[in-house]
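# Breakdown of the fold
Each chain, letter by letter, is given below.
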Amino acid sequence: MKRVFVKPRELVVPGTLLAQGAFQAGKGTFREGNRVYSTVVGLVDIRGDTIKVIPLEGPYIPEVGDNVLGKIVDVKFSSWTVDVGAPYQATLRVQDAVEEKIDLLKTDLRKIFDIGDIIYAKVKAFDEVNQIDLTTKGMPFNGGPLRGGQLVTITSSKVPRVIGKGGSMINMIKKLTGTRIIVGQNGWVWVSGTNRELEELAVEAILKVNRESHTSGLTDRVKEFLLSRLQDLKERGVIGEIPDLGETEGGEEQ
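Residues numbered from 1 in each chain as written. Predicted model: local features only at pLDDT ≥ 70, side-chain atom pairs only at ≥ 80, totals over all residues. Heavy atoms only, no water.

Across its full length, the protein carries 4 helices and 16 strands. Seen through its principal axes, the protein has C-alpha atoms that stretch 60 × 60 × 25 Å. With 254 residues in all, the protein has 44% of them scored as buried. Considering only intrachain contacts with a sequence separation of at least 6, the fraction spanning at least 24 residues in the protein is 59%. Accessible surface computed for the protein: about 13200 Å², of which carbon and sulfur atoms make up 49%. (Helix = DSSP H or I, 4+ residues; strand = E, 2+ residues; numbered from the N terminus. Buried < 20%, exposed > 50% of the residue type's maximum accessible area, 1.4 Å probe, protein only. Contact = heavy atoms within 4.5 Å. Areas by Shrake-Rupley, 256 points an atom, 1.4 Å probe, with all protein chains shown as cover.)

Moving on to the UniProt feature "domain: S1 motif" (unreviewed entry) in the protein. Under the UniProt annotation, "domain: S1 motif" (unreviewed entry) lies at residues 65-137. Secondary structure content for residues 65-137 is 0% helix and 42% strand, while the C-alpha to C-alpha distance between its ends is 13 Å. (UniProt positions renumbered as here; feature names shortened; annotations may be inferred.)

On the surface, a cluster of nonpolar side chains totalling about 260 Å² of accessible area is made up of Leu-11, Val-13 and Val-41. For Val-41, the position within the fold is in the loop between β6 (35-38) and β7 (42-47). (Patch = residues over 30% accessible without salt bridge, like charges linked within 9 Å, V, L, I, M, F, W, Y side chains within 5 Å. Salt bridge = Lys/Arg side-chain N within 4 Å of Asp/Glu carboxyl O.)

With that settled, the discussion passes to the nonpolar core. Ile-173, Ile-181, Val-189, Val-191, Ile-206 and Val-222 are the most contacted members of the largest nonpolar core, which totals 27 residues. Of all the secondary-structure elements, those providing two or more residues to this core are α1 (159-163), α2 (168-177), β15 (180-183), β16 (188-192), α3 (196-211) and α4 (218-235). For this core, the leading source of residues is α3, giving 7 residues. Ignoring any residue separated from it by four or fewer positions in sequence, one finds Val-222 in contact with Met-169, Met-172, Ile-173, Ala-205, Lys-208 and Val-209. Core analysis: the second largest hydrophobic core is formed by 19 residues, Trp-80, Phe-113, Ala-121 and Ile-132 among them. (Core = buried A, V, L, I, M, F, W, Y, C linked by side-chain atoms within 4.5 Å.)

Another aspect to go through is the packing of α2 against α3. Running from N to C, α2 and α3 point in directions that differ by 160 degrees, and their axes come no closer than 9 Å. Taken as axis vectors, α2 and α3 run roughly antiparallel relative to one another. Between α2 and α3 lies a crossing of right-handed hand. Along the contact surface, α2 presents Met-169, Ile-173 and Thr-177, while α3 presents Leu-198, Leu-201, Ala-202, Ala-205, Ile-206 and Val-209. Residues of the contact of α2 with α3, tallied by class, amount to 8 nonpolar, 1 polar and no charged. (Axes fitted to C-alpha atoms, helices over the stretch in contact; angles between N-to-C directions. Parallel < 35°, antiparallel > 145°, perpendicular 65-115°, else oblique. Left-handed = near helix turned anticlockwise from the far one by under 90°. Nonpolar A, V, L, I, M, F, W, Y, C, P; charged D, E, K, R; others polar.)

What follows deals with the sheet that holds β16. Taken in spatial order, the 3 strands line up as β14-β16-β15 in an open sheet, and their pairing is antiparallel. At either margin of the open sheet sits one strand with a lone partner, and together these are β14 (150-153) and β15. Taken pair by pair, the neighbouring strands of this sheet meet at an average axis angle of 20 degrees, ignoring direction. Alignment of β14 against β16, held across 4 bridges, turns out to be antiparallel. Its bridge partner lying in β16, Leu-151 is registered against Trp-190. Set on the sheet, α3 makes contact with β14, β15 and β16; between it and β14 the angle comes to about 15 degrees. (Pairing = 2+ DSSP bridges.)

See below:
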């Protein structure tokens, strides 16, 4: 018999009994017999027959298929070492970064990606010995490197709130600030704008979502925050007209 003992988005602690019966134990949970328990402090998320707990804090733990931002920290003979904010560093092999075959004896990999470069990659593999393999093939911007802008770090479990339901939150921030934003599922966010003050405003909005992600009515509060700051920038002559949101408004991410 299936039974759920908690409500969606309920705050739980390690050891909390979540459900019993034919449920799939997702991230942040474990199964003991026919019962599913929490392993972390976080919010309950129930999707169909899968129950998981989204941690409130903690490092990013990769999953295959995640799109992440990373920083090149070492260049080796046939690969790059990449920091993705996880407890373990990731590896990007040359065959997962370039389409054409290259002669490693004659090619300086630093001309492709160098130390300090920010890349946009997909987690290709993550095994039991904590080896994280990345690929940039098929990624937007050809995987990078991403030039200019700034990198902002948020809690990875709060990425869905930054994106918003149907992309509503991030599209609103992008449209009102005129910035380019890439959100990695590892909690790293790249923000780039032609106007420095608008770029900083986008960063402030993202950090506000990160701080207040557990609260309701967040989309409206962020919208009010942005419009208020934009009005101030307009009065100071920094910007012209405030952009019309049009169809970017949307509901809260659940």
